[in-house]
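What the coordinates show
Take a look at the letters that make up each chain.
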Amino acid sequence: MNEKIRAREVRLIDESGVNHGIVETAKALQMAYDADLDLVVISPNQVPPVAKILNYGKYKYEQEKKAKEAKKKQHTVEIKEVKIRYKIDTHDYQVRIKNIQKFISQGNKVKVVIMMRGREMQHSNLAFDLANRFIEDLKNEPLIIEKKPMLEGRNVTLYLAPQ
């Protein structure tokens, strides 16, 4: 890497973690060279910057490992879609309710789409009634209604999100 440390003095910490206080950069570099290690600036925004004597390859590996571990624990919120028709059977309705509860408990958003074809558009009020029934049956769940039921083209959509 061989990047120069521009500060005249640094606050030095050696490989065993002992604080040497403020030391001239040249002396700190010599100490690192004698220990057959690298002088790495840990905190460049401080005055004077904090530098540590350590094995740079090992340090870089540890930083990458920490970043990978943090990325593993991260959860991305997905929008799960539940498509139904307004003439849904009671058992199918219960299955959809369970799916929505599962998606919400996993921390995902849910888009409920009630599809209508052809002449069914005349009965859009039945689709809105079904969407409101979903809201009513899920009122005990920890969720927020992001968008109330609304007509989008030939579909009535409802957006739900975890609290």
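Residues numbered from 1 in each chain as written. Predicted model: local features only at pLDDT ≥ 70, side-chain atom pairs only at ≥ 80, totals over all residues. Heavy atoms only, no water.

In the segment running from Val47 into Pro48, the intervening peptide bond is cis, with an omega of -10°. Position of Pro48 relative to the elements: it lies in the loop between strand 3 (38–43) and strand 4 (50–54). Although it is not a glycine, Asp36 adopts a positive phi angle of roughly 60°. Mapped onto the elements, Asp36 comes out in the loop between helix 1 (25–34) and strand 3. Classification of Asp36 by relative accessible area gives exposed; the value is 69%. (Helix = DSSP H or I, 4+ residues; strand = E, 2+ residues; numbered from the N terminus. Buried < 20%, exposed > 50% of the residue type's maximum accessible area, 1.4 Å probe, protein only.)

As a further point, take the nonpolar core. Counting residues in each nonpolar core, the largest one holds 21 residues, and the members touching the most others are Ile100, Val110, Val112, Ile114, Phe134 and Leu160. Elements that contribute at least two residues to this core include exactly strand 5 (79–85), helix 3 (90–105), strand 6 (109–115), helix 4 (124–137) and strand 8 (155–162). Top element by residues in this core is helix 3. It accounts for five residues. When near neighbours in sequence (up to four residues on either side) are disregarded, Ile100 contacts Val82, Val110, Val112, Phe134, Leu138 and Leu160. (Core = buried A, V, L, I, M, F, W, Y, C linked by side-chain atoms within 4.5 Å. Contact = heavy atoms within 4.5 Å.)

For the rest of this paragraph, the subject is helix 4. Given 3.6 residues per helical turn, the α-helix brings residues three or four places apart onto the same face. The terminal C-alpha atoms of helix 4 lie 20 Å apart, and with 14 residues this matches the ideal 20 Å at 1.5 Å per residue to within 8%. For helix 4, every residue scored as buried is listed here: Ser124, Ala127, Leu130, Ala131 and Phe134. The arc enclosing the buried residues of helix 4, seen along the axis, measures out at 115°, which places them on a common side. Taken together, the buried residues of helix 4 touch strand 5, helix 3, strand 6, strand 7 (143–152) and strand 8. (Expected span 1.5 Å × (residues − 1). Arc of directions from axis to C-beta.)

Overall, the coordinates contain two aromatic pairs when judged by the stated rule. An angle of 40° between the planes, with centres 6.3 Å apart, marks the rings of Tyr56 and Tyr59 as tilted. Here Tyr59 and Tyr56 lie together in helix 2 (residues 56–72), a separation of three residues that amounts to about one turn. Judged by its relative accessible area of 24%, Tyr56 is partly exposed. Between the aromatic rings of Tyr93 and Phe134, the centroid separation amounts to 4.9 Å while the plane-to-plane angle is 45°, which identifies the pairing as tilted. Of this pair, Tyr93 sits in helix 3 while Phe134 sits in helix 4, and the two are 41 residues apart along the sequence. (Phe/Tyr/Trp six-rings, centres within 6.5 Å; stacked < 30°, edge-to-face > 60°.)

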